[in-house]
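Notes for the structure review
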Amino acid sequence: MTSLFLDFLIISVTTSLMIFILMFLSPWLSKNYSAKWKYWIWMILTIRLLLPFNISFANNVVRIPLPDSSKISTVFQDIPSNSIQIDVSGISHPVQQAASLNHIPSLMDILTWLWFSGFVLFLLYHFTSYYFFRKQSLRWSNSLLSDQMVLKINQVYKEMKIKLSITVLISEKVPNPMLVGFYKPILFLPHDQYNDEELEFIFKHELVHYKRHDIIYKILLLIVHAIHWFNPFVWFMVRQAGREIEIYCDETVVGTRSLSYRKKYCEAILSVIQNSDPRFLALSTNFSGGGISMKERFISILNTKKKRNGITLFYTVLLLIGVISVLASCTNIKGTEFIKPGTIYSIGFDGEQVVVNDAGNSYSIDAEGNVSVSYRNGDVKANVPLKLDTTGGVLGMGQENTGYFISEDKTAIVYGFADGKSLPLHVLISNDKGQTWNDYPIPGAMGYETKFIGFTNKNDGWLVSGASQGVGSALNYVYQTSDGGKTWKEIGNPNDIYSEHLTGVGFSSSDIGFLGYRYYMDEGPVIYWTKDQGQTWERLAVSLPEKFDKYKKNPLSPIFNRKEGLFPISLIDQDTGVAGTIYLTSKDEGITWVYDEAYDKLLNP
């Protein structure tokens, strides 16, 4: 939901630039171009505002300064420690299951639900108003009784080549002639005291709306209005598009007719709207309208000057919309700034650390245990203020007990023995390719054996620490940060439904995450996932071709680039050993996965 809100927000803000340009040029466009082209321009913008899709770009050149998405919640601490050495002498292996914390919504969660509530209430109001208006209009309606009116409407049907007849009713509850309804629309008239000329104009006007499916257009405008209810530029667009629908309809009715005919048409409109109460109603078109709208319509109707062909204008606007779409793709919300791809690690079938995504960044450890990192395939190197144990005698401080995420924009290393009491986990963070480091402890955290860490953007990150509780069993604890790694909070974990040794971890967002486990009871892959920030976990259903049934399957860490994901699964043959790696792919942040043989890396395909 939050991701959808952010997508619509970016599109709303960037598309407002196009709306503003059209607002500024509107008087000139109305004077020189027919309503037909403005009608279609607003249609294209409406469709764009309905589609929350953008092309993915590695870098974002425009940032929208919204409030930071820091969590409005209890965190473990907020004062970093400068100590990066841990005294682990005499520590045993105490393991306690952490109590899950209640999820307190973030500021972005609150904004998202506020937006969604406005969307629902907006649609509920308009559709409820439509329902009761239609119900009242039908209740107090009578069928068309006058032979004169029946003859006139049949004449108009024939002239406009309309085969299907539309129900015409007289209802005292409608303020003026209007076409109402999406499915089987009804033409309502407030009375039957019209002369032939007025009837002809009314019928032609509303039947042009019917032939052009303008009610569908108005439905789209209503939905756009509901989605972008917070944007005043969209309010203007909806209002202006509604006027262009009527002006284009007027232009179609009068066509190339004489000035005398156009004057009679205006007189008919004036006659109809006397003592009426024009109103906006969903799923309807009105023969009349408000004062400003009527002034614009009369100017357009009485203007016999030949206007320019708008095809060049139309394609120019299409090009600008395309440019703005690219702008939206290069735009991000401050506080959710994406980072360059990072090198991601996992655990292989033999328990050794393996690289699942090589982004050109890596780490190394010398004989004394000093850690260093390199970027851009070794062009940039930096020392890490961390010394690991190379003897295997210090619990939680070995290379295999340490988690790494190495990106040019964000480097994170989680290390240490954590008993949930006196000894916390520590996270080292660098935002400048190792030039400076900050060390942050996580009081209350637990886990000493297996550690994974990663970031989805510069602020939002996760880590998972595991602790053995016997042969073939382990407890795993999941933590998240929303301030770049300064503070961490524990979220729910699946220990109560599955507690085994981890092989891979990955999150596509703060809500959606995956834990992969070594195979034990079945052939695998054993993957548990959450889509609600750890409140619930369930096993991921994976469908693979039968040819892979003979292998045991070891899930590695998933790799995400925005909404697209790759999930590597290592195949193991009990007789010959490793058989290679296959991949699942996702286009929706990991909500659904499919096997794609194009990514296979098999030793004996």
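What counts, and at which threshold
Residues numbered from 1 in each chain as written. Predicted model: local features only at pLDDT ≥ 70, side-chain atom pairs only at ≥ 80, totals over all residues. Heavy atoms only, no water. Helix = DSSP H or I, 4+ residues; strand = E, 2+ residues; numbered from the N terminus. Buried < 20%, exposed > 50% of the residue type's maximum accessible area, 1.4 Å probe, protein only. Contact = heavy atoms within 4.5 Å. Areas by Shrake-Rupley, 256 points an atom, 1.4 Å probe, with all protein chains shown as cover. Pairing = 2+ DSSP bridges. Axes fitted to C-alpha atoms, helices over the stretch in contact; angles between N-to-C directions. 1 Å grid on protein atoms, 1.4 Å probe; cavity = no way out; pocket = protein on both sides within 12 Å on 5 of 7 lines; lining within 4 Å. Points joined across faces, edges and corners; volume = space filled by probe spheres on them. Salt bridge = Lys/Arg side-chain N within 4 Å of Asp/Glu carboxyl O. pLDDT = per-residue confidence, 0-100. Polar contact = N/O pair within 3.5 Å; in protein donor to acceptor, adjacent residues only side chain to side chain. Expected span 1.5 Å × (residues − 1). Bend = angle between axes of the 7 residues up to and from the residue. Phe/Tyr/Trp six-rings, centres within 6.5 Å; stacked < 30°, edge-to-face > 60°. Lys NZ or Arg CZ within 6 Å of the ring centre and 35° of its normal. Core = buried A, V, L, I, M, F, W, Y, C linked by side-chain atoms within 4.5 Å.

**Re the overall build of the protein chain**
Along the backbone of the protein chain there are 10 helices and 32 strands. Of all 605 residues assigned to the protein chain, the portion counted as buried reaches 55%. Taking the contacts inside the protein chain whose residues are at least 6 apart along the sequence as the reference set, 62% of them involve residues at least 24 apart. Accessible area of the protein chain: about 28400 Å², with a carbon and sulfur share of 56%.

**Looking at the sheet that holds strand 11 (residues 370–375)**
Two pairing modes exist for strands in a sheet, parallel and antiparallel, and in both the strands are linked by backbone hydrogen bonds. Read from one edge to the other, the open sheet built from 3 strands follows the order 10-11-12, with strand pairing classed as antiparallel. Of all strands in the sheet, those with a lone pairing partner are strand 10 (362–365) and strand 12 (380–387), marking the two edges. Strand-to-strand twist in this sheet, taken as the mean axis angle between neighbours without regard to direction, amounts to 25 degrees. Here strand 11 runs beside strand 12; their pairing, made up of 5 bridges, is antiparallel. Bridging from a neighbouring strand, Ser 372 pairs with Asn 383 of strand 12.

**Structural notes on the sheet that holds strand 19 (residues 450–455)**
If you trace the 4 strands from one edge of the open sheet to the other, you get 19-20-21-22, paired in antiparallel fashion. Either end of the sheet is taken by a strand with one partner, and the two such strands are strand 19 and strand 22 (489–491). Here the strands of the sheet are splayed against their neighbours by 25 degrees on average, with no regard to which way each runs.

**Concerning empty space enclosed by the protein**
Any space left empty among the atoms is revealed by the rolling of a water-sized probe across them. The tally for this structure, following the rule as stated, stands at 3 cavities of 30 Å³ or more. Within this model, the largest cavity holds a volume of roughly 120 Å³. Lining the largest cavity we find 16 residues, and of these Tyr 345, Gln 353, Gly 403, Lys 451 and Phe 452 sit closest to its centre. Every element with two or more residues in the lining of the largest cavity is listed here: strand 8 (343–347), strand 13 (403–406) and strand 19.

**What to know about the pattern of salt bridges**
Taken as a whole and assessed by the stated rule, the structure comprises 11 salt bridges. Two residues, Lys 531 and Glu 538, come together in a salt bridge whose shortest N-O distance is 3.3 Å. Judged by its relative accessible area of 47%, Lys 531 falls in the partly exposed class. Lys 587 is paired through a salt bridge with Glu 564; the nearest N and O atoms lie 4.0 Å apart. Highlighted residues: Lys 587 in the loop between strand 30 (577–586) and strand 31 (594–595) and Glu 564 in strand 29 (residues 564–573), separated in sequence by 23 residues.

**Regarding the confidence of the model for the protein chain**
Here the protein chain shows a mean pLDDT of 80. Residues at 70 or above account for 84%. Averaged over each element, pLDDT in the protein chain is lowest for strand 1 (residues 62–64) (43) and highest for strand 14 (residues 411–415) (95). A low-confidence stretch, residues 55–104 stays under pLDDT 50, and its non-local contacts, those more than four residues away or across chains, total 124 contacts. A low-confidence stretch, residues 332–336 stays under pLDDT 50, and its non-local contacts, those more than four residues away or across chains, total 22 contacts.

**Examining the side chain of Ser 346**
Among the secondary structure elements, Ser 346 is positioned in strand 8. At 3.2 Å, the side chain of Ser 346 forms a polar contact with the backbone nitrogen of Ser 557. What Ser 346 contacts, discounting residues up to four positions off in sequence, is Glu 352, Gln 353, Val 354, Val 356, Phe 452, Thr 503, Gly 504, Leu 556 and Ser 557.

**Things to note about helix 1 (residues 2–32)**
With 31 residues, helix 1 should cover 45 Å at 1.5 Å per step; its first-to-last C-alpha distance of 43 Å lies within 8% of that length. The largest bend along helix 1 reaches roughly 60 degrees and is located at Leu 25, with the proline Pro 27 sitting one to four residues downstream.

**Here we look at the packing of aromatic side chains**
Applying the stated criterion to the full structure yields 34 aromatic pairs. Their ring planes at 85 degrees and their centres at 6.3 Å tell us that Phe 122 and Trp 235 sit as a pair that is edge-to-face. Taken together, the residues Phe 122 in helix 3 (residues 107–139) and Trp 235 in helix 7 (residues 232–254) connect sequence positions 113 residues apart. Residue class for Trp 235 comes out partly exposed when judged on its relative accessible area of 43%. Among the aromatic residues, ring-to-ring pairing joins Phe 5, Phe 8, Trp 113, Trp 115, Phe 116 and Phe 119 into one connected group. The ring of Tyr 39 has Arg 212 lying over it, and the distance from NZ or CZ to the ring centre is 5.9 Å. Lying over the aromatic face of Phe 455, Lys 410 brings its terminal NZ or CZ to 4.9 Å of the ring centre.

**As for the pairing of strand 23 (residues 502–507)**
For strand 23, the buried fraction is high: 6 of the 6 residues fall into the buried class. Across 5 bridges, strand 23 lies against strand 24 (residues 513–517) in antiparallel orientation. When the sheet's bridge partners are listed, Leu 502 is paired in strand 24 with Tyr 517. The hairpin formed by strand 23 and strand 24 contains 5 residues between the paired strands.

**Structural notes on the nonpolar core**
In this structure, Phe 188, Leu 189, Phe 203, Leu 207, Tyr 265, Ile 269 and Ile 301 are the most contacted members of the largest nonpolar core, which totals 43 residues. Here this core takes 7 residues from helix 8 (residues 259–273), the largest share from any one element. Sequence-distant contacts of Leu 189, that is, excluding residues within four places in its chain, are made with Met 149, Val 168, Leu 169, Ile 170, Ser 171, Val 174, Pro 177, Tyr 194, Ile 202 and Phe 203. Met 43, Leu 45, Leu 123 and Tyr 248 belong to the second largest nonpolar core, which has 38 residues in total.

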